[in-house]
Amino acid sequence: MSTDPFQPVLLTLPSLTPSLALELIPNGLLMHRLFVQADGKTHDLLIGPEDHRDHLKKKYVNTIIGRYANRLPVGEFSLERDGAKGTVKPISNESPTVSLHGGTNGFDYVPWTPLKSSESKLFSSEEIATISSDLGASTLWTYTSKDGENGFDGTLHTEVLVGLLSPSKPSSIAKDPEYLMGSVVIVYRAKMLDEGKVTPLNLTQHWGFNLTASLKDAANSVSVKSHQLTMKADKTLELDTVGLSTGKLLDVAGTYHDFRTTRTIGSQWPTQENGPGGYGAGFNWYYSFPPVASTIDHRLPAGTKKNVVKEVVEKKLEGDEAKVELGSEASGVKIVFGSNQSGVQFYTNNYGSTTFPRKKIHGGSGVEGEGEGYGTASAAFLEFHSPLAAWLHPETVRDGFDTLIAGNGEVYNNWVKADIYYKTPSGDVQA
């Protein structure tokens with residue numbers, strides 16, 4: 001495999017048409033394109049530049065985030081778990097008091113290394129067999145974060161599985177009103193290599209979806225305000241004026257945060273005045289799901305033989321397991337998300353650039369210039385992770401996971417699955 005960190009890696013499901021494909025970039029473990037091909041049309045569901053290297057001009061577009069997703073207060077904090085002790089010193093990068101997405105050069109900044117399944121240290125032999133037999137296409141990636149990197153204690157070995165899963169049973173657009181194209185599966189694993197040390201860890205994919213941007217000839221196709229959204233979240237995290245957690249969860253009932261019943265994103269649009277301080281009009285909040293019984297833990301004990309990958313592959317994203325649904329009548333595309341993570345950051349690209357290069361498939365020229373960018377309200381970023389600074393605010397933790405990982409052999413274990421559906425479009429894009 002190429003050593004160029006911007007050389008794309010393409011995953012495709014073994015099918016004719018309809019089809020599903022995912023293009024990865026090793027730098028930042030970045031998901032550059034997510035293709036759906038059906039009814040003679042091709043949709044790319046992720047925003048971003050045409051040229052892979054243009055991702056260097058704008059951070060956090062479809063990359064992995066780590067060691068810690070979202071915002072942490074700058075300072076020095078003592079940590080302790082199961083006798084392991086340490087400190088974390090989040091580095092200022094967004095503002096003098098805020099550390100964003102793991103610091104100056106987080107997991108999104110570094111090249112990830114492809115990993116042979118036989119060399120995996122964090123996936124069991126049973127899981128490797130499942131990956132080989134059950135996933136239509138997959139890759140394993142690894143990165144080892146050094147002790148003290150971006151203010152985080154301990155040497156941390158991380159492995160990530162990214163795969164595509166074919167539908168469990170054949171179907172067709174001609175026979176089925178809604179066709180399951182397949183699924184994207186991501187499993188995050190990490191282990192503290194330094195015995196006696198401890199680190200906070202909160203990994204996510206900072207991917208931004210737009211289900212209508214490929215309808216480039218339609219008016220307002222770049223806006224996501226017409227997208228339908230459903231979220232199981234019954235609470236949102238209260239933020240202070242710089243976007244940090246106050247340690248309080250607020251009910252969504254009766255507010256524009258309530259997506260428990262499907263509605264369009266733009267039907268109740270937060271203005272700059274009622275949005276979190278300094279973060280512009282639109283959505284940029286953490287949403288907390290009601291805790292449900294799960295057989296998939298956030299920490300796996302040392303030496304476990306549990307086949308989590310098998311459980312994720314076989315999991316039906318229905319009922320309580322369907323955490324978020326994003327759809328468009330205009331494109332006919334719908335994505336159903338499931339995860340063992342306790343919430344999701346929903347962000348609508350409130351500061352989307354009007355000059356940053358837009359993909360050609362989305363109506364851009366692929367080069368930088370005024371009017372070439374996506375602009376605001378152009379994506380639904382859905383970042384599944386634990387609450388902001390969870391170990392500092394245990395009252396916001398509803399599933400028992402405070403995000404601390406100790407050097408006692410335990411393995412961090414979180415996953416996201418996205419089922420992608422298609423049906424013949426039955427609507428127009430609206431503002």
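Residues numbered from 1 in each chain as written. Predicted model: local features only at pLDDT ≥ 70, side-chain atom pairs only at ≥ 80, totals over all residues. Heavy atoms only, no water.

Taking an unreviewed UniProt entry as the reference, the protein is identified by name as Galactose mutarotase-like protein belonging to Heliocybe sulcata.

**With respect to the sheet that holds strand 16 (residues 208-209)**
The condition that has to hold: A strand pair is defined by DSSP finding two or more bridges across the two strands. For helices the rule is a DSSP run of H or I covering at least 4 residues; for strands it is a run of E covering at least 2, with both sets numbered from the N terminus onward.
Spatially, 16-26-25-21-18-19 is the arrangement adopted by the six strands of the open sheet, whose pairing is antiparallel. The sheet is open, and its two edges are formed by strand 16 and strand 19 (245-251), each paired on a single side. By the bridge criterion, four bridges tie strand 18 (residues 235-239) to strand 19 in an arrangement that is antiparallel. Residue pairing across strands places leucine 237 opposite leucine 249, the latter belonging to strand 19.

**As for the pairing of strand 4 (residues 41-44)**
By the bridge criterion, four bridges tie strand 3 (residues 30-38) to strand 4 in an arrangement that is antiparallel. By the bridge assignment, phenylalanine 35 is partnered in strand 4 with aspartate 44. As consecutive antiparallel partners, strand 3 and strand 4 are separated by two residues, and within that stretch aspartate 39 has a phi angle of approximately 55 degrees, a positive value.

**Notes on the pairing of strand 1 (residues 9-12)**
Stated formally: Residue burial is assigned from relative accessible area. The probe radius is 1.4 Å, only protein chains are included, and a residue is buried under 20% of its type maximum, exposed over 50%, and partly exposed in between.
Alternating residues of strand 1 divide into Val9 and Leu11, all buried, and Leu10 and Thr12, none buried. Strand direction decides the pairing type here: strand 1 and strand 2 (residues 19-25), joined by four bridges, are antiparallel. Bridged to leucine 11 within strand 2 is leucine 22.

**A few points about the side chain of histidine 43**
Rules: Two residues form a contact once any of their heavy atoms are found within 4.5 Å.
Relative to the elements of secondary structure, histidine 43 occurs in strand 4. Note on histidine 43: relative accessible area 2%, which makes it buried. Discounting chain neighbours no more than four positions away, the residues touching histidine 43 are Leu34, Phe35, Val36, Leu211, Ser214, Leu215 and Ser331.

**Describing the sheet that holds strand 4**
What counts, and what does not: Axes, fitted as lines to C-alpha atoms, cover a helix only where it is in contact. Angles between the N-to-C directions of the axes lie from 0 to 180 degrees.
Ordered in space as 1-2-3-4, the four strands form an open sheet in which the pairing is antiparallel. Of all strands in the sheet, those bounded by a partner on one side alone are strand 1 and strand 4. The mean angle between the axes of side-by-side strands here comes to 20 degrees, regardless of whether they run parallel or antiparallel. Across seven bridges, the pairing between strand 2 and strand 3 is antiparallel. Within the sheet, the bridge partner assigned to leucine 22 lies in strand 3 and is leucine 34.

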